[in-house]
Amino acid sequence: MANTGIKDTAHPVEAAAVMRLLPARPRLLALGEPTHGEDALLEVRNDLFRRLVEEEGYRTVAIESDCLMGLVVDDYVTSGTDTLDEVMERGFSHGWGAYPGNRELVRWMRAHNERVDRDGRPASERLRFAGFDGPLEITGAASPRQALTALHGYLAARVDADLLPCTAETLDRLLGADDRWTEPAAMTDPARSVGRSAEAGELRLLADDLVSLLDEQTPHLLAAASRDDWDRANLYGRTATGLLTYHHWMADTSPGRMNRLLGVRDRMMAENLLALADRGPALVHAQNSHLQREKSTMRMWQGPVEWWSAGALVSARLGEDYAFFATALGTIRHQGVDTPPPDTVEGLLYGLPEDRCVVDASRLAAALGDPRPAPRVSPWFGYASLDPGHLAAIDGLVFVKDVPDRR
């Protein structure tokens, strides 16, 4: 395959180059990555976010991290008093706080907001941070305690007690010990899950009632406290109901169990992203499979699974207000990912002179022709190559030629 058909569409990874490929500025601009934990990819994200802030008015960045822990980071970058070390330790899940690229992102956002305050510009120009994943790990899920008790506490302080479906003491009794919910063995043994116990069933009903009360009292609640407080209460409500649903399916024994668990997780992600879209334009960063429009698939211990990703769900709701740029890469030599074969998408892009570039996905598809080449075979489980069959559902492609070892 020759790369002459796309050479003139390869541009530096800048806000202007991204926007030229889109009909209008999207409310959610999603940047996927094919592997986690590489600071070269985090640097691409950070640089693009800075440019989007300065040139396109973006104000929020959202990453694939615990949405409740992310509140710690958001507090810090907007007005918090904790140290950067404390925030990196307590504000990220999945170990993301240990990566220099994430630390630099938080440091820069805090510094930017301090400049805004000094210049006397409105609070609406401050940058915001969000985690948009649920409090979930591949080995299990958190207790719904934090989200449920925070939602109940918000409502108890602002509405008549007679309207509440239960007391805080009732919630505490039904929740029981948190280690009942976080039992690691429940991921592979549904019988170890508490998700379909009588207490869990009652908590699901109470969570629904609390969320309903939050909706019913919106005019009063917005008059009684800040919009940010109300937004957080809604986050607690989404997280509480999502976690209880996730635990319910962890206790399931049907063949569709893992499909449902993956679907519930990405629905939780999608709901968080839709809430962020209401706040203004945001850059979203996560694994390609969570942001793509095509159905996501993977193989787990019990066989293949498939589900609709957060990106597919959000795209169905927002249309052109959602844009997806997948990232592809050439080499990660320290993980055994060497120069891509020339008859793959990555091989075609590897022949371009740029180390990092944005490419028009439709022009790339035309250069590939039909039939499309097979996906590149990944020699390392932590890297997922680009599926050429997905190009029609991608707005643009970011290509990073070589990922250096910075461990």
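In case you missed it, the structure is sitting above this.
One structure accompanies this document, and this report is about it. Source: prediction; values computed, not measured.

### Observations regarding the packing of helix α4 (residues 70–78) against helix α6 (residues 100–119)
Look at α4 against α6: their axes get within 7 Å of each other, and the N-to-C directions meet at 40°. It follows that α4 is oblique to α6 by the angle criterion. Where α4 abuts α6, its residues V73, Y76, V77 and T78 lie against V106, M109, R110 and N113. Grouping the amino acids of the contact of α4 with α6 by side-chain chemistry returns five nonpolar, two polar and one charged.

### Some remarks on α4
Within α4, eight of the nine residues are buried, leaving the element largely enclosed by the surrounding structure. Listing the buried residues of α4 in full gives G70, L71, V72, V73, D74, Y76, V77 and T78. Turning to α4, the residues buried within the fold contact β2 (60–66), α5 (84–90), α6, β3 (128–133) and α11 (227–250).

### What about the side chain of E346?
Relative to the helices and strands, E346 is located in helix α15 (residues 345–350). Buried within the structure, E346 lacks any salt-bridge partner; its nearest side chain of opposite charge belongs to R376, at an N-O separation of 4.8 Å. Those residues in contact with E346 that sit more than four places away from it in its chain are A328, L329, P340, R376, Y383, S385, L386 and F399.

### Regarding the layout of surface pockets
Of the volumes computed, that of the second largest pocket is approximately 850 Å³. Where the lining of the second largest pocket is concerned, the elements lending two or more residues are α4, β3, α11 and α12 (257–277). The leading source of residues in the lining of the second largest pocket is α11, at eight residues. In terms of residue class, the lining of the second largest pocket is made up of 11 nonpolar, nine polar and 13 charged.

### Topic: empty space enclosed by the protein
Within this structure, the stated rule accounts for two cavities of 30 Å³ or more. Its volume calculated, the largest cavity comes out at about 110 Å³. Along its surface, the largest cavity is lined by E33, H36, G37, L42, R45, I63, E64, W96, Y99, N102, H285 and A286. Here the lining of the largest cavity is built from residues that sort into five nonpolar, four polar and three charged. Reported here for the second largest cavity is a volume of approximately 40 Å³. Considering the residues around the second largest cavity, the lining is formed by L31, G32, E33, L41, V44, H285, T327, V398 and V400. Elements with a contribution of two residues or more to the lining of the second largest cavity: β1 (28–33), α3 (39–56) and β11 (396–402).

### What to know about the nonpolar core
One finds L29, F49, V106, M109 and F129 to be the most contacted residues of the largest nonpolar core, which totals 44 residues. If one sorts the elements of this core by residue count, α3 sits on top with seven residues. Within the second largest apolar cluster, 40 residues are counted, among which are A10, L276, F324 and C357.

### Considerations on the sheet that holds strand β9 (residues 322–331)
The sheet built from seven strands is open, its strands ordered β3-β2-β6-β1-β9-β11-β10 with mixed pairing. Here the strands that pair on one side only, and so sit at the sheet edges, are β3 and β10 (356–359). Across the sheet, the axes of successive neighbouring strands diverge by a mean angle of 25°, strand direction being ignored. Judged from the six bridges that link them, β1 and strand β6 (residues 282–287) form a sheet pairing that is parallel. Note on β6: the bridge partner recorded for L31 is H285.

### Regarding the packing of aromatic side chains
Enumeration according to the criterion identifies four aromatic pairs in this entry. Pairing F49 with W108 gives two aromatic rings, centres 6.1 Å apart and planes at 80°, and the pair type is edge-to-face. Remark: W108 occurs in helix α6 and F49 occurs in helix α3; sequence separation between them is 59 residues. Each member of the pair, F49 as well as W108, is classed as buried. Ring geometry for F92 and F129: centres 5.6 Å apart, planes at 65°, overall edge-to-face. Of the two residues, F92 is situated in the loop between α5 and α6 and F129 in strand β3; the sequence distance between them amounts to 37 residues. What makes F129 buried here is its relative accessible area of 3%. Directly above the ring of Y350 sits K401, whose terminal nitrogen or CZ lies 5.4 Å from the centroid.

What counts, and at which threshold
Residues numbered from 1 in each chain as written. Predicted model: local features only at pLDDT ≥ 70, side-chain atom pairs only at ≥ 80, totals over all residues. Heavy atoms only, no water. Axes fitted to C-alpha atoms, helices over the stretch in contact; angles between N-to-C directions. Helix = DSSP H or I, 4+ residues; strand = E, 2+ residues; numbered from the N terminus. Parallel < 35°, antiparallel > 145°, perpendicular 65-115°, else oblique. Contact = heavy atoms within 4.5 Å. Nonpolar A, V, L, I, M, F, W, Y, C, P; charged D, E, K, R; others polar. Buried < 20%, exposed > 50% of the residue type's maximum accessible area, 1.4 Å probe, protein only. Lys, Arg positive; Asp, Glu negative; His and termini not counted. Salt bridge = Lys/Arg side-chain N within 4 Å of Asp/Glu carboxyl O. 1 Å grid on protein atoms, 1.4 Å probe; cavity = no way out; pocket = protein on both sides within 12 Å on 5 of 7 lines; lining within 4 Å. Points joined across faces, edges and corners; volume = space filled by probe spheres on them. Core = buried A, V, L, I, M, F, W, Y, C linked by side-chain atoms within 4.5 Å. Pairing = 2+ DSSP bridges. Phe/Tyr/Trp six-rings, centres within 6.5 Å; stacked < 30°, edge-to-face > 60°. Lys NZ or Arg CZ within 6 Å of the ring centre and 35° of its normal.

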